Structures are given as C-alpha cells and as structure tokens.
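Structure at a glance
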Amino acid sequence: MKKIEAIIRKTKFEEVKDALLAADIEWFSYYDVRGVGKARQGRIYRGVVYDTSFIERTLVSIIVRDKNVEKTVKAILEAAKTGEIGDGRIFIIPIEDSIRIRTGERGDIALYNAELEK
C-alpha cells in the first residue's frame, strides 16, 4: 500500500478529482493548504501590490493498493499539469498497514469493498 500526496493548483482540483474518479479511485481526502515557494514576486492588481510568496494550493491525499499507484499518479499528472512553474508535487509514501474500523479487516482488503468486486 502507498499513500500518494499531491500538492496541486487550486484551479486544477476539479480536473484532478474527475481524473481520479475516471481511474476508479473513489475515495480521497483533500485540504486547502498554503506554502512558501521559490518564486518571490509581487503582483499588482488595481494598483495594489500583493505578496505572492504564500501560495494557496490543494493537498490531495490518497491511500491505494500497490497495483493502483501508477494509474493514480498518471491521472494526477495529466489533470494537474499546465506546463508552468508552480504546477505542484506528488509524493509516494509507503504504508505499513490499514485497518477498517467497522470490521477489523487489515491490509489491502481494508481499502476497498471486496463484495463489490465480485
């Protein structure tokens, strides 16, 4: 099992969500986050200078079985990419175990409903 965390542009969230659902990734969490990027510049909007060193992004967090890692990463890459600086990052983190609280099932089976795959 792996945890995939993707930090993406807020404007790309709906596209990423649709791509994940199309790839049969039906459950994930997301959070609005802020970070500090490498680019330091001020933007002027209607005569007011705004500090853009704090970047608003969305963090998508997904736990998947090993067999779904590549299709999940591919879905995120294709949906989130603009080709410009600031498209984000994807991190893949190993997960030791998962437990379904309702049934006590452990491991991969805790991530999906086996009865739905029959």
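These remarks concern the structure in this document. Source: prediction; values computed, not measured. (Residues numbered from 1 in each chain as written. Predicted model: local features only at pLDDT ≥ 70, side-chain atom pairs only at ≥ 80, totals over all residues. Heavy atoms only, no water.)

The next thing to look at is the nonpolar core. Grouped together as the largest cluster of nonpolar side chains are 19 residues, with contacts concentrated most on Ile8, Val16, Leu20, Val60, Ile62 and Ile76. At the level of secondary structure, the elements contributing two or more residues to this core comprise strand S1 (2–9), helix H1 (13–22), strand S5 (54–64) and helix H2 (69–80). For this core, the leading source of residues is H2, giving six residues. Contact partners of isoleucine 76, with chain neighbours within four places excluded, come to Ile4, Ala6, Ile8, Val16, Leu20, Ile62 and Ile90. (Core = buried A, V, L, I, M, F, W, Y, C linked by side-chain atoms within 4.5 Å. Buried < 20%, exposed > 50% of the residue type's maximum accessible area, 1.4 Å probe, protein only. Helix = DSSP H or I, 4+ residues; strand = E, 2+ residues; numbered from the N terminus. Contact = heavy atoms within 4.5 Å.)

Right, let's talk about the sheet that holds S5 for a bit. Strand order in the open sheet formed by four strands is S2-S5-S1-S6, and the pairing between neighbours is antiparallel. At either end of the open sheet lies a strand with only one pairing partner, and these are strand S2 (29–36) and strand S6 (88–94). The mean angle between the axes of side-by-side strands here comes to 25 degrees, regardless of whether they run parallel or antiparallel. Pairing of S1 with S6 involves seven bridges; the strand directions are antiparallel. Counterpart to glutamate 5 in the pairing with S6 is phenylalanine 91. Helix-sheet contacts for H1 involve S1, S2 and S5, and the interaxial angle to S5 is about 10 degrees. (Pairing = 2+ DSSP bridges. Axes fitted to C-alpha atoms, helices over the stretch in contact; angles between N-to-C directions.)

Following both chains from N to C, one finds H1 and H2 inclined at 150 degrees, their axes separated by 8 Å at the closest point. In terms of orientation, H1 lies roughly antiparallel with respect to H2. Every pair of crossing elements has a handedness; the one defined by H1 and H2 is right-handed. Note on element contacts: H2 touches H1 through Thr72, Ala75, Ile76, Ala79 and Ala80, opposite Glu15, Val16, Ala19 and Leu20. (Parallel < 35°, antiparallel > 145°, perpendicular 65-115°, else oblique. Left-handed = near helix turned anticlockwise from the far one by under 90°.)

With that settled, the discussion passes to the packing of aromatic side chains. For the structure on display, the rule yields one aromatic pair. With a centroid separation of 4.4 Å and an interplanar angle of 40 degrees, the aromatic rings of phenylalanine 13 and tyrosine 30 are classed as tilted. With a gap of 17 residues between them, phenylalanine 13 in helix H1 and tyrosine 30 in strand S2 connect regions that are remote in the sequence. With relative accessibility at 10%, the residue phenylalanine 13 sits in the buried group. In this structure tyrosine 30 comes out as partly exposed when scored by relative accessible area, which is 47%. In this structure, arginine 65 packs its charged tip against the face of tyrosine 112, placed 3.8 Å from the ring centre. (Phe/Tyr/Trp six-rings, centres within 6.5 Å; stacked < 30°, edge-to-face > 60°. Lys NZ or Arg CZ within 6 Å of the ring centre and 35° of its normal.)

Positive phi, normally seen in glycine, also occurs at aspartate 24, with a value near 65 degrees. Tracing the backbone through its elements, the reader meets aspartate 24 in the loop between H1 and S2.

On to the pairing of S5. Note: S1 against S5, eight bridges, orientation antiparallel. Bridge pairing in S5 links isoleucine 4 to isoleucine 62. Summarising the sheet, S2 and S5 pair through eight bridges and their orientation is antiparallel. In the strand pairing of S5, arginine 34 is matched with glutamate 56.

In short, shape yes, function no, at least from these values alone.
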